Amino acid sequence: MPAHDAAPQSPTPAPTAAQSGGAIPADALARIEELFEGAVTENRMAGIAWAIVGGHAHEQDVLAAGAAGDQELRDGSPAPGSRPMSVDSISRIASMTKSFTAASLLRLRDEGRLRLDDRIEEHLPEAADLLDGDAAGIPITLRDLLTMSAGLVTDNPWGDRQEAMTREDFAAMLRGGLGHNSRPGTGFEYSNTGYAMLGRVVDEVSGTSFMQDITEHWLRPLGMADTVFSVEETDRERLAIGHRTADRDDRTRFERVPFSGPGVYGAMAGLFSTCADIARWTRFLAAADAPVGTPAASANEDLLSSASRREMQQLHRVQIGAELPAGEDGASPGFGSIRGYGYGLFVERLPGIGDVISHGGGYPGYGSFMCWHRDSGVGIVALANAKYAPASVLAMQALQILAAETDLLAARRPAPAPRALEAAEAALAWIREADDAVADAWFADNMDLDVPRAERVRRRDAAVEAAGLGLDALGDLTAGDALAVSPVHLQWRVDGASAEHPALRIDMIIDPRRTGLIQAIDLAVSDAPRNY
């Protein structure tokens, strides 16, 4: 019997911060604990649970975890019978639910039961005349809704209060039409209503409810026993009660929020879960980028292919952020990161870290966040029980600590293609000897057209001289010494002759054919532009 058909097991208790097994240096772990505990001490949230998620190189889902604060407060003190927040506390994950809904859409697509370019009215006829004005008649596709590209009006916090809406009421709302901020397919507008529509598509195509579909296809197979859509299904002793944040500064500011029942809008924010369960979910998604040949790379392919999971984690729609502060010249230097939306997930490239995949959640009474580093798979989960608690800020700060103080988030370098290694030896031979026989055998047809060989030799000599070197300094270089910028682009760096001399950089790229030849060789000092 496949492992995912087995009866779900209760998750193994997550290790506490003190039980990380040495995977995380004690100083870094102490700083992360201090982040979360400080947020509770400062009354930024009633309580929070957090976990550091194991990456591609780890067998365990959770490397370390912790918690601070209380599951329920009443008049600023722990409510009678309430427990302190723990790593096993159950919270609402809010909009993190969108990644489950998106995964269900892709599974149905992979089964041939829908296309992402289907018009929404093909599955929900009541959405046939959804928009008017300058957007009237422009089709809205499932892909538009997945990527927040449908142009619908951003509906936080209105959408948070619609969870229990019935199918009938939702259909009536759609027949009445929706507003829009942009034409479909032209911009980014975060829409909870869009994901409620996708949940209804899952209902119609699967022949069951999106809640049952997600439970049967993701939660049970992955052993996420604490992840449910209804408060009645939770272990009430471990349930973190949601709190609103009133206009006071002390612990009395946290006031209990009643639970809403499951309904149509649950497809965008309805799940309850724990840090351990969400760690399993993030590892399932992150494994799509695990190195080929590792156990993680081939795990759970029968649930959803790695290709479809990678598709979820690509930047399909850019979200324009704020520009960096202006410099002395009064102009902004640009943007600090690249950020956008995939399918139910945000994708962001951060300087010094690389790609981070994430989604947060804000809901009446709760704030949540999950993120992971694409190259390593290491991530953070944080679940808090106060409305719009800064779980995302804390989790990203924790990830930055891991990046700065550990090697867990090391960038994964591409492996050079075998053909590129062959070409590299030829390139080095030509650089040392300027041998026409090597050039005749290995230069692609563009090389001599771009730079005649005699000029190419002069450029080589000038670059080597600028580094204070002679050609003999390159005699020991091999293909194995190169850094792979990509599988077909190799680069060498040779220190200058002295501290006053710049380093010499050598770049070689082969052409796109399977038996590619050299299409570029460039020698330049490290502060000079490339000159292919």
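Every value quoted in this text rests on a predicted model; they were computed, and no experiment measured them.

Colleague: Looking at this structure, how should I read the overall build of the protein?
Modeller: Counting its regular elements, the protein contains 15 helices and 18 strands. In terms of overall dimensions, the protein has C-alpha extents of about 80 × 60 × 55 Å along its principal axes. Relative to its full complement of 532 residues, the protein shows a buried share of 54%. For the protein, restricting intrachain contacts to residue pairs at least 6 apart in sequence, the fraction spanning at least 24 positions comes to 67%.

Colleague: How should the pairing of strand E10 (residues 338-341) be read in this particular structure?
Modeller: Each regular strand carries side chains that alternate between the two faces of the sheet. The sheet contact formed by strand E9 (residues 317-318) and E10 spans two bridges and is antiparallel. When the bridges of E10 are listed, Arg317 appears paired with Tyr341. As paired strands, E10 and strand E11 (residues 346-350) are joined by four bridges and run antiparallel to one another. Looking across to E11, one finds that Arg339 is bridged to Glu348. Here E10 folds back onto E11, and the loop between the two strands holds four residues, one of which, Gly344, carries a positive phi near 70°.

Colleague: Help me understand the packing of aromatic side chains, please; the structure alone is not making it clear to me.
Modeller: Counted under the stated rule, the structure contains 15 aromatic pairs. With a centroid separation of 5.1 Å and an interplanar angle of 10°, the aromatic rings of Phe36 and Trp50 are classed as stacked. Placement of Phe36 in helix H1 (residues 26-41) and of Trp50 in strand E1 (residues 47-53) is noted, with a sequence separation of 14 residues between them. Arranged with centres 6.3 Å apart and planes meeting at 55°, the rings of Phe188 and Phe346 form a pair that is tilted. Here Phe346 lies in strand E11 and Phe188 lies in the loop between helix H4 (167-175) and helix H5 (192-206), a separation of 158 residues in the sequence. According to the relative accessible area criterion, Phe188 is buried, its value standing at 17%. By relative accessible area, which is 8% here, Phe346 ends up buried. An aromatic cluster is built from Phe100, Trp218, Trp281 and Phe284, whose rings are joined through pairwise contacts.

Colleague: It is not clear to me how unusual backbone geometry should be interpreted in this structure. Could you clarify?
Modeller: Outside of glycine, negative phi angles account for most residues, and trans bonds account for most peptide bonds. Across the junction of Asn156 and Pro157, the peptide omega takes the value 5°, indicating a cis bond. Although it is not a glycine, Asn300 adopts a positive phi angle of roughly 60°. Within the secondary structure, Asn300 sits in the loop between helix H9 (295-298) and helix H10 (306-312).

Colleague: Explain the sheet that holds E11 here, please?
Modeller: Consider a sheet: its strands pair through backbone hydrogen bonds, and that pairing is either parallel or antiparallel. In spatial order, the strands read E2-E1-E14-E13-E12-E11-E10-E9; together these eight strands make up an open sheet with antiparallel pairing. The open sheet has two edge strands with one neighbour each: strand E2 (62-69) and E9.

Colleague: Quick question: what am I supposed to make of the sheet that holds strand E15 (residues 483-486) here?
Modeller: Pairing is antiparallel across the open sheet formed by four strands, whose spatial order is E15-E16-E17-E18. The sheet terminates laterally at E15 and strand E18 (518-525), the two strands that pair on one side only. Ignoring strand direction, the axes of neighbouring strands in this sheet form an average angle of 20°. Two elements, strand E16 (residues 489-494) and strand E17 (residues 504-510), share six bridges in a ladder whose sense is antiparallel. Residue pairing across strands places Gln491 opposite Asp507, the latter belonging to E17. Each of E16, E17 and E18 is contacted by helix H12 (residues 418-433), which is oriented at about 130° to E17, the strand it contacts most. Helix-sheet contacts for helix H15 (residues 453-466) involve E17 and E18, and the interaxial angle to E18 is about 35°.

Colleague: Explain the pattern of salt bridges here, please?
Modeller: Should their charged atoms come close, side chains of opposite charge can pair. Applying the stated rule across the entire model yields 39 salt bridges. Its salt-bridge partner being Arg248, residue Glu255 comes within 2.8 Å of it at the nearest N-O pair. With a relative accessible area of 31%, Arg248 lands in the partly exposed category. The network of salt bridges with shared partners includes Arg107, Glu111, Arg113 and Asp213.

Colleague: Would you mind going over the nonpolar core with me for this structure?
Modeller: Soluble globular proteins tend to pack their nonpolar side chains together in the buried interior. By size, the foremost hydrophobic cluster in this structure holds 81 residues, and its most contacted members are Phe100, Met197 and Trp281. The next biggest cluster of nonpolar side chains, apart from the first, holds 38 residues, and it includes Ala64, Val356, Leu399 and Leu402.

Colleague: It is not clear to me how helix H6 (residues 210-219) should be interpreted in this structure. Could you clarify?
Modeller: Side chains of residues three or four places apart in an α-helix project in the same direction, reflecting 3.6 residues per turn. Those residues of H6 lying buried are Phe210, Asp213, Ile214, Trp218 and Leu219. Along the axis of H6, the buried residues cluster in a sector spanning 155°; they form a single face. Buried residues belonging to H6 abut helix H2 (98-110), H5, helix H7 (266-269) and helix H8 (275-286).

Colleague: Can you walk me through the pairing of E1 in this structure?
Modeller: Extensive coverage of E1 is indicated by the burial of seven of its seven residues. Residues Gly47, Ala49, Ala51 and Val53 line one face of E1 and the alternating positions Ile48, Trp50 and Ile52 line the opposite face, and both faces are buried. Looking at chain direction, E1 and E2 are connected through seven bridges and run antiparallel. Its bridge partner lying in E2, Ile48 is registered against Ala68. Two strands pair when backbone bridges link them, and E1 and strand E14 (residues 379-384) are joined in this way by six bridges, in the antiparallel orientation. Bridging across to E14, Ile48 finds its partner in Ala384.

Criteria and cut-off values
- Residues numbered from 1 in each chain as written.
- Predicted model: local features only at pLDDT ≥ 70, side-chain atom pairs only at ≥ 80, totals over all residues.
- Heavy atoms only, no water.
- Helix = DSSP H or I, 4+ residues; strand = E, 2+ residues; numbered from the N terminus.
- Buried < 20%, exposed > 50% of the residue type's maximum accessible area, 1.4 Å probe, protein only.
- Contact = heavy atoms within 4.5 Å.
- Pairing = 2+ DSSP bridges.
- Phe/Tyr/Trp six-rings, centres within 6.5 Å; stacked < 30°, edge-to-face > 60°.
- Axes fitted to C-alpha atoms, helices over the stretch in contact; angles between N-to-C directions.
- Salt bridge = Lys/Arg side-chain N within 4 Å of Asp/Glu carboxyl O.
- Core = buried A, V, L, I, M, F, W, Y, C linked by side-chain atoms within 4.5 Å.
- Arc of directions from axis to C-beta.

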